[in-house]
Amino acid sequence: MTDSNKTATLTVHGETYELPVHSPTAGPDVIDIRKLYGDAGVFTYDPGFTSTASCDSTITYIDGEKGELLHRGYPIDQLAEKSHFLEVCYLLLYGELPVAKDLETFETTITRHTMLHEQMQYFYRGFRRDAHPMAIMVGVVGAMSAFYHDSTDITDPHQREVASHRLIAKMPTIAAWAYKYHTGQPFVYPRNDLDYASNFLRMCFSVPAEEYEVNPILSRAMDRILTLHADHEQNASTSTVRLASSSGANPFACIAAGIACLWGPAHGGANQACLEMLEEIGSVDRIPEYIARAKDKNDPFRLMGFGHRVYKNFDPRAKVMKQSADEVLDLLGIENNPKLQVAKELEREALEDPYFAEKKLFPNVDFYSGIILEAMGFPTSMFTPIFALSRTVGWVSQWKEMIADPQNKIGRPRQLYLGETMRDYVDIENR
Ligand code: SDX
């Protein structure tokens, strides 16, 4: 933390306190309130943590006003264009772009951890076939705690490393098998001669009855989607992983908690909700009706894939995703995809509407991703599992950073209590 001689002065209950101010390498200064309750006997109040930094980090930085997203300083649009997902995983985990030999070693390590313990298949069979794949992923990832005992001791750096590799490597197999179980098709094992994205596509779409050739257009598009979703500062699911990990829980249980949080439609579940919304709108002539509903305070409807807690300009990931959607559908020869047409017209009309302009609502990462995933052949129920697959490296990187932080302590927020003050028990006959 870059300590500065700056301080903030707070006067409360007639007393004045000087609070340290820390300056980051990028972004707003922070007021250090760690001693506030001890010194002044007051809490701060910030439901949803809109103005609260929960930690310091060196992994990802978002400038919401400029629409910038940096991973270890590298802009997401450059990484999406020039890098690939496993290299971005290395960057997030270790802080620097790898030299060729280190990248090769890392990719080989990940490749060799892609198989699941054979007995883990039986967890899948306990679910109904129509179980949502996210329900299966939460269960199976949590169950990894029951299989990989040699990588659950978080005090051992080697075990933390092995757990990190296992989670990143096995998530595509876990997600693909959730899809296969849903379809009633047999599980497909990973192959060591395929790259990460191609392996995932093959495990999802190949069947034993015939050879499966990975379409390079789709594997490149999938790899880019994984890169775009990899990490995003202290979002809800990452904060869930950090809070769960602060109690010393094992990494598999903590990542399962992150998957559960990501599932919500306000977070990673928005990509599924967005495509369902585009389906419901159906045609461009119905867009004004839905924009009116999104603006109506009495209507709970919101434009899914729009808005963001941090981005108050555009989401740089949405820009890359929109370009990729055009490319993929064009290369696949999918002309005039009605959902893409509705999405583009919805974006155009919403961005021209004063309501969205004044509330600074723009398409986010979830607005276009579903269109690409649907064109690849995925059902909407697989959109959030793919987000979870990608975000695993972000959760794991943030988890490693937190565990290694000497300031790490159990997270335990306080509250503004508005309930009853102490009162005596009343026997039932006297109530
Ligand atoms: C992700 O945090 C991350 O980094 C998340 C993520 C990541 O990579 O981890 O980027 C991934 O979760 C992206 C967001 C996906 N969610 C959606 O697309 C769901 C639709 N979006 C909204 O639910 C909402 O915009 C949030 C949850 C994303 C952000 O909500 P905030 O920051 O808490 O904003 P808010 O709910 O306080 O809304 C501010 C105003 C409100 O109006 P007022 O009460 O001030 O009059 O904007 C309105 C809201 O009603 N508003 C919307 C809207 N989003 C906000 N109105 C219509 N449609 C929307 N989508």
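The coordinates are above.
If you're wondering where the values come from, they're calculated on a predicted model, not measured in any experiment.

Digging into the site of the ligand
Now for step 1: Contacts to the ligand come from 24 residues, most closely from H232, L303, H308, R317 and R391.
Now for step 2: With respect to the ligand, the backbone of A266 contributes an N or O atom lying 2.9 Å from a nitrogen atom.
Now for step 3: Coverage of the ligand by the protein amounts to 77% of the 1100 Å² it exposes when considered alone.
Now for step 4: In terms of residue class, the shell around the ligand is made up of 10 nonpolar, seven polar and seven charged.

Observations concerning the nonpolar core
Now for step 1: In this structure, Y124, F200, M222, M277 and F378 are the most contacted members of the largest nonpolar core, which totals 113 residues.
Now for step 2: A per-element tally of this core places helix α7 (residues 157-183) first, with 12 residues.
Now for step 3: Not counting residues within four places of it along the chain, the set of residues in contact with F200 comprises P172, A175, A176, M222, F378, M382, I386 and L389.
Now for step 4: By size, the runner-up hydrophobic cluster in this structure holds eight residues, among which are A8, L19, L36 and V42.

Some words on the packing of α7 against helix α11 (residues 251-262)
Now for step 1: With their axes 10 Å apart at the nearest point, α7 and α11 run at an angle of 45° to one another. Here α7 lies oblique to α11, going by the angle between them. By crossing handedness, the relation of α7 to α11 is classed as right-handed. Contacts from A163, L167 and M171 in α7 reach P251, F252, I255 and I259 in α11.
Now for step 2: By residue class, the composition of the contact of α7 with α11 is seven nonpolar, no polar and no charged.

A short note on the packing of aromatic side chains
For any pair of aromatic rings, geometry is given as the distance between the ring centres together with the angle between the planes.
Now for step 1: Summed over all chains, the structure comprises 20 aromatic pairs.
Now for step 2: An angle of 90° between the planes, with centres 6.1 Å apart, marks the rings of Y94 and F106 as edge-to-face. In this pair, Y94 is assigned in helix α3 (residues 85-94) and F106 in helix α4 (residues 100-111), connecting sequence segments 12 residues apart.
Now for step 3: The partly exposed category is assigned to Y94, whose relative accessible area is 32%.
Now for step 4: For F106, a relative accessible area of 4% gives the class buried.
Now for step 5: An aromatic cluster of three or more residues is present, and its members are F306, Y355, F356, F367 and Y368.
Now for step 6: Directly above the aromatic system of Y181 lies the positively charged group of R129, at a separation of 4.1 Å from the ring centroid.
Now for step 7: Sitting over the face of the ring of Y37, R414 holds its NZ or CZ atom 5.6 Å from the ring centroid.

Some details on the environment of E280
Now for step 1: Inspection of the secondary structure puts E280 in helix α12 (residues 270-281).
Now for step 2: For E280, a relative accessible area of 43% translates into the label partly exposed.
Now for step 3: Separated by 59 residues in the primary sequence, E280 and K339 place their C-alpha atoms 9.8 Å from one another.

Section: the packing of α12 against helix α15 (residues 338-352)
Now for step 1: The geometry of α12 relative to α15 is characterised by a closest axis approach of 9 Å and an angle of 95° between their N-to-C directions. Taken together, the axes of α12 and α15 lie roughly perpendicular to each other. Judged by residue contacts, L275, M277, L278, E279 and I281 of α12 engage K339, V342, A343 and L346 from α15.
Now for step 2: Class assignment of the residues belonging to the contact of α12 with α15 gives a composition of seven nonpolar, no polar and two charged.

Rules used throughout
- Residues numbered from 1 in each chain as written.
- Predicted model: local features only at pLDDT ≥ 70, side-chain atom pairs only at ≥ 80, totals over all residues.
- Heavy atoms only, no water.
- Near = heavy atom within 4 Å.
- Polar contact = N/O pair within 3.5 Å; in protein donor to acceptor, adjacent residues only side chain to side chain.
- Areas by Shrake-Rupley, 256 points an atom, 1.4 Å probe, with all protein chains shown as cover.
- Nonpolar A, V, L, I, M, F, W, Y, C, P; charged D, E, K, R; others polar.
- Core = buried A, V, L, I, M, F, W, Y, C linked by side-chain atoms within 4.5 Å.
- Buried < 20%, exposed > 50% of the residue type's maximum accessible area, 1.4 Å probe, protein only.
- Helix = DSSP H or I, 4+ residues; strand = E, 2+ residues; numbered from the N terminus.
- Contact = heavy atoms within 4.5 Å.
- Axes fitted to C-alpha atoms, helices over the stretch in contact; angles between N-to-C directions.
- Parallel < 35°, antiparallel > 145°, perpendicular 65-115°, else oblique.
- Left-handed = near helix turned anticlockwise from the far one by under 90°.
- Phe/Tyr/Trp six-rings, centres within 6.5 Å; stacked < 30°, edge-to-face > 60°.
- Lys NZ or Arg CZ within 6 Å of the ring centre and 35° of its normal.

All quantities given are derived from atomic positions and should not be read as evidence of function.
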